[in-house]
Structure formats: C-alpha cells, structure tokens
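Listed below are the residues making up each chain.
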Amino acid sequence: MSVFKDKMGNDLNGSQVIEKVIKRFFSYILDIELFIIRLAGLIPIYTIRWLIYVAAGMKLPYGSHIHMNAQFFYPKGIEIGKDTIIGQGVFLDGRAKLKIGNHVDIASEVMIYNSEHDMNAEDFHAINEEVLIGDYVFIGPRVIILPGVKVGKGAIIAAGAVVTKDVPEYALVGGVPAKIIGERSLKDLHYKLGHARLLQ
C-alpha cells in the first residue's frame with residue numbers, strides 16, 4: 001500500500017510523486033510571477049508595465065496598450081497585435097494560445113478564458129482550447145469569452161455578452177449566451193485606434 005495518494009485517493013508510485021513535487025514547485029514559481037505582474041498592473045506608467053509584460057514572455061508590440069489593473073494567467077501564451085488597446089481590469093488567459101489581432105479595441109473588465117473544467121470528468125480536470133480574436137474586433141465592457149472561441153475580423157461583441165461559440169466576421173453579437181443580433185455594414189476597415197489615455 002502506497003503512502004502517497006493523489007487528490008482522488010489513488011496510490012502514487014515514486015516517479016509519480018517526484019513528478020507532482022516538480023509540478024507543485026513550478027506552480028509556486030508561476031504564482032510568484034503572476035503576483036509580480038499583477039503588481040505591475042498598478043503602475044500608472046505604461047512603459048514600465050510594458051517592459052514587465054514583455055519580460056514575462058507576452059508578445060506585445062509597443063504601439064499597443066494595456067490599461068491598468070489587468071490580470072493574466074500564463075502571459076507567455078498571449079500574443080497581441082499592433083495598434084490594439086485593451087481596457088482597465090481585463091483578465092487574459094494564456095494557458096492555451098490567446099491571439100488578439102491588430103486594431104482590436106477591448107473595453108474594461110473583459111474576461112477571456114481558454115481553460116475550463118471538464119464537468120463530466122471524475123477528477124474535474126481542466127481542458128485548454130485556444131482563443132483567436134481577429135483584426136478590427138470591438139469587445140464591449142464586461143464581456144466573457146470562453147475557451148475555443150474564434151472571433152472573426154471586424155466583429156462586434158455587445159457589452160455583457162457571454163461568448164460560447166465562434167463569431168463570424170463583421171457580426172454583431174450580444175446576450176447570454178451571445179447570439180447574432182446584427183451585422184457591421186462597413187467591411188472595408190482600415191482605421192487606427194491611436195494613443196490610449198495618459199496614465200491609464
């Protein structure tokens with residue numbers, strides 16, 4: 001009978017115990033990194049925040065901007081395009097690939113997840129799926145985007161929507177769960193978002 005058991009009460013052999021100890025150690029390192037990045041989100045000078053985000057492995061061109069109080073999980077999995085502005089208090093999940101395109105406008109308190117629990121699994125383990133946001137997308141305040149979603153170019157997601165499935169190009173979606181409620185009439189998009197607000 002094994003002295004060591006996993007969270008489900010199953011016996012663990014020596015190599016499984018070592019593997020779990022190593023994973024736990026790296027989990028603690030990640031927690032410290034995420035804490036430092038969270039503190040960086042409180043700094044009112046974007047250049048300093050940008051340096052910390054890039055040092056943490058996020059792909060973030062300098063011309064794009066993330067406002068204060070942003071939170072992240074696995075920043076190395078996050079890639080943001082040029083001329084993109086991301087609002088205050090967002091949560092961006094990098095446990096699977098999160099790619100945000102060019103000229104994307106994401107409002108405050110948006111949450112984008114790419115990991116969720118398997119509700120039918122005995123151990124309730126996590127399932128990771130990439131999230132892709134196309135160019136010229138606008139995401140309204142307090143939107144939640146769930147794992148595996150692809151948002152097409154030029155789409156608009158109305159405030160408070162919960163997006164559980166793909167959004168076609170130029171579609172306007174809203175509601176819980178989000179459904180198509182309209183379409184963007186202008187398809188030849190070439191605007192630039194420009195500079196974010198000072199000390200944000």
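As shown above, the structure is provided for reference.
Residues numbered from 1 in each chain as written. Predicted model: local features only at pLDDT ≥ 70, side-chain atom pairs only at ≥ 80, totals over all residues. Heavy atoms only, no water.

Counting secondary structure elements, the protein contains 2 helices and 18 strands. Along the first, second and third principal axes, the C-alpha atoms of the protein reach 70 × 40 × 20 Å. Here the protein, with 200 residues, has 38% of them falling under the buried criterion. Long-range contacts, defined here as pairs at least 24 residues apart, represent 27% of the contacts in the protein between residues at least 6 apart. With the model as given, the accessible surface of the protein reaches about 11500 Å², and the carbon-plus-sulfur share is 60%. Averaging the coordinates of the 22 positive side-chain charges in the protein and doing the same for the 21 negative ones gives two points 5 Å apart. (Helix = DSSP H or I, 4+ residues; strand = E, 2+ residues; numbered from the N terminus. Buried < 20%, exposed > 50% of the residue type's maximum accessible area, 1.4 Å probe, protein only. Contact = heavy atoms within 4.5 Å. Areas by Shrake-Rupley, 256 points an atom, 1.4 Å probe, with all protein chains shown as cover. Lys, Arg positive; Asp, Glu negative; His and termini not counted. Charge placed at Lys NZ, Arg CZ, Asp CG, Glu CD.)

To continue, consider the environment of S64. Within the secondary structure, S64 is located in the loop between α2 (46-55) and β1 (65-66). A residue is classified by how much of its surface remains accessible, and S64, at 1% relative accessible area, is buried. Other than its neighbours up to four places away in sequence, S64 contacts Y46, I80, G81, K82, D83 and T84. A polar side-chain atom of S64 sits 2.4 Å from the main-chain carbonyl oxygen of G81. A polar contact is formed between the side chain of S64 and the backbone nitrogen of T84, at a distance of 3.0 Å. (Polar contact = N/O pair within 3.5 Å; in protein donor to acceptor, adjacent residues only side chain to side chain.)

Spatially, the 7 strands line up as an open sheet ordered β1-β4-β7-β12-β15-β17-β18, and their pairing is mixed. Of all the strands in the sheet, the pair left with one neighbour each is β1 and β18 (179-183). As paired elements, strand β15 (residues 156-157) and strand β17 (residues 171-174) share 2 bridges and run parallel to each other. By the bridge assignment, I157 is partnered in β17 with V173. (Pairing = 2+ DSSP bridges.)

Side chains that differ in charge, positive against negative, can pair when their charged atoms come close. Inspection of the entire model under this criterion finds 3 salt bridges. Salt-bridge contacts for R142 lead to E109; the nearest nitrogen and oxygen are separated by 2.6 Å. With R142 in the loop between β12 (138-139) and β13 (144-145) and E109 in the loop between β7 (105-106) and β8 (111-112), this pair connects stretches of sequence that are 33 residues apart. According to the relative accessible area criterion, E109 is partly exposed, its value standing at 37%. Between E183 and K187 there is a salt bridge; the shortest N-O distance is 3.0 Å. Residue class for E183 comes out exposed when judged on its relative accessible area of 57%. The exposure class of K187 is partly exposed, given its relative accessible area of 34%. (Salt bridge = Lys/Arg side-chain N within 4 Å of Asp/Glu carboxyl O.)

For D93, the location among the structural elements is in strand β5 (residues 91-93). A polar contact of 2.7 Å, which involves the side chain of D93, links it to the side chain of R95. When sequence neighbours within four positions are dropped, the list of residues in contact with D93 reads F73, I78, L98, I112, Y113, N114 and S115.

As a further point, take the environment of G152. Its location among the elements puts G152 in the loop between β14 (150-151) and β15. Sequence-distant contacts of G152, defined by excluding residues within four places in its chain, comprise G134, V137, V167, P168 and E169.

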